[in-house]
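Secondary and tertiary structure notes
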Amino acid sequence: NYYEEVESAGMLKLNIRKVTYELCMAMPAIFTVLYCISGNMANKAAIVLMLFAYILLNSYYMRNGKKIRFFIFNILTIIYIGYIGVKCGVSEIISSYFYGYLLTFIMMLICTEDDLREEFIQYFMTRKKRFAAYVTVFFMTIVFSIIFLNGLRVGYGSKIPVLYGPFIIAHILAYLLMVVYCGVSLLDLENKKKTVIAIKLVCVICIACTAVRSAVLATAVLIVCDFLSIRKISKKVVILGAAFLIFVFLATNTDILTKNPLIEKTLYATEVAGSITNGRELYRQIALSYYATKTDVLEKILGVGITGVVEAIYSAIRVRIQAHNDYVNLLVGYGLVGLIAFVACQFELSKTCKNKMNAILLQLFVFILAYYNGFALYIMLTASLPIVIAFFEVKQIGGRNTVRENKS
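What this report covers is the structure whose coordinates are included nearby. This structure is a prediction, so every number in the text was calculated from the model and none was measured.

1. Structural notes on the nonpolar core
With 124 residues, the main nonpolar core has Phe 31, Tyr 175, Met 178, Phe 365, Phe 375 and Phe 392 as its most contacted residues. Once you skip the residues sitting within four places of it in the chain, Phe 375 turns out to touch Thr 104, Met 108, Asp 326, Phe 342, Phe 365, Val 366, Leu 369, Ala 370, Leu 381, Thr 382 and Leu 385.

Encoded structure:
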């Protein structure tokens, strides 16, 4: 009976890991397909992943004797569930705001554990064809949404059609495309198959067509990281030369550089809102002013919940909206503890990169999204965070990628 129990426990542990890793790989396809039916169903898929990831992380802590981390993480989680529940009500705890940040912390902590991260990378590398199948389903669903669900329509501030896919806002598609770019970049690290290059190019073009400026900036970081990982200088020269020629051609023979959804949205935002950020700096100022002048000591430490952030902004400009800045949301919504925890986890991710430039680019990627729009609240991105972290870790200068292949 003892050996049967041990074997059963081992199978359960293995299954939890497999399900967690598989869901990370499949989330772009799962989320997109389910969103065609209902956004609520898509969010529930991310919640299911969060539950598996939560079990995986805690079992790893206990199995490896990391009891201090286990207790700190779970005690803080329990404290916040109780505090936010009393402060804002049960609706806040079950809202996408709360579980969005909780999912982010869980996935960040998983990525910072070397063993779990190594396991995921090896799991991914030995199942490339399966990920390729998920990517195929993802793009087929986008095409379906364009044809049948008005997935290409005139967007906010743009007269040119913007790519939305099946989503209510284009940001969701842009963030998913970044995950796909990272994952596809890992499919063929040695030979750079033309299909892989083509898919990455499609991802970049589609992201530009979403007109999500924060995603475009973050994608530029991914491209730089990808470019620096190329070993042969001759290839880099060819790529730069081709890019320059394409730019000159577009600038002299077309108006695409000035007449596109990205530029039109920026000009519209400047004209209407007075800034290219659509007035988001105002949201930050209101939230920070509220935190500084209208919160007590306990609220400064543990926050007022994201509902409190929304209400503070609403009271000032009569618009129910969060700060669109994770650092401000965390400081006001979850206090100094929440902000410090997020920043600590963010910087801890740098340890996954052996190359300093990759570490800098990873921090820049997270910062751009977290500061200018939101990183944690886009659960379709954080659900597949291990893929993004694997991209920055594996795309090293000087042969780090071949080590992964040999290990797998």
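2. Some words on unusual backbone geometry
Residues other than glycine seldom take positive phi values, yet Arg 318 does so here, at roughly 60 degrees. With respect to the element layout, Arg 318 can be found in the loop between helix H15 (305-317) and helix H16 (326-348). What makes Arg 318 exposed here is its relative accessible area of 54%. The phi dihedral of His 324 is positive, around 55 degrees, even though this residue is not glycine. Note that His 324 resides in the loop between H15 and H16. The class of His 324 is buried, set by a relative accessible area of 12%.

3. A closer look at the layout of surface pockets
Approximately 670 Å³ is the volume found for the second largest pocket. Considering the residues around the second largest pocket, the lining is formed by 25 residues, among which Phe 73, Phe 105, Leu 109, Ala 341 and Cys 345 are closest to the centre. Of all the elements, H16 adds the most residues to the lining of the second largest pocket, at eight residues. Split by residue class, the lining of the second largest pocket holds 16 nonpolar, three polar and six charged.

4. Focus: the pattern of salt bridges
Note that side chains of opposite charge can pair when their charged atoms are close. With the rule as written, the count across this model stands at 11 salt bridges. With its nearest N and O atoms 2.4 Å apart, the salt bridge here joins Arg 69 to Glu 113. Residue Arg 69 is found in helix H3 (residues 67-88), and its partner Glu 113 is found in the loop between helix H5 (96-112) and helix H6 (114-125); the two are separated by 44 residues along the sequence. Among the residues examined, Glu 113 registers a relative accessible area of 2% and is labelled buried. Across the pair Asp 226 and Lys 395 runs a salt bridge, and its minimum N-O distance is 2.9 Å. Taken together, the residues span a long stretch of sequence, with Asp 226 in helix H10 (residues 213-228) and Lys 395 in the loop between helix H19 (385-394) and helix H20 (400-407) at a distance of 169 residues. Of the residues examined, Asp 226 reaches a relative accessible area of 6% and is grouped as buried. Residue Lys 395 is classed as buried on the basis of its relative accessible area of 3%. Within the structure, one salt-bridge network assembled from shared partners comprises Lys 66, Arg 69 and Glu 113.

What counts, and at which threshold
Residues numbered from 1 in each chain as written. Predicted model: local features only at pLDDT ≥ 70, side-chain atom pairs only at ≥ 80, totals over all residues. Heavy atoms only, no water. Core = buried A, V, L, I, M, F, W, Y, C linked by side-chain atoms within 4.5 Å. Buried < 20%, exposed > 50% of the residue type's maximum accessible area, 1.4 Å probe, protein only. Contact = heavy atoms within 4.5 Å. Helix = DSSP H or I, 4+ residues; strand = E, 2+ residues; numbered from the N terminus. 1 Å grid on protein atoms, 1.4 Å probe; cavity = no way out; pocket = protein on both sides within 12 Å on 5 of 7 lines; lining within 4 Å. Points joined across faces, edges and corners; volume = space filled by probe spheres on them. Nonpolar A, V, L, I, M, F, W, Y, C, P; charged D, E, K, R; others polar. Salt bridge = Lys/Arg side-chain N within 4 Å of Asp/Glu carboxyl O.

Purely geometric stuff here, so don't read any function into it on its own.
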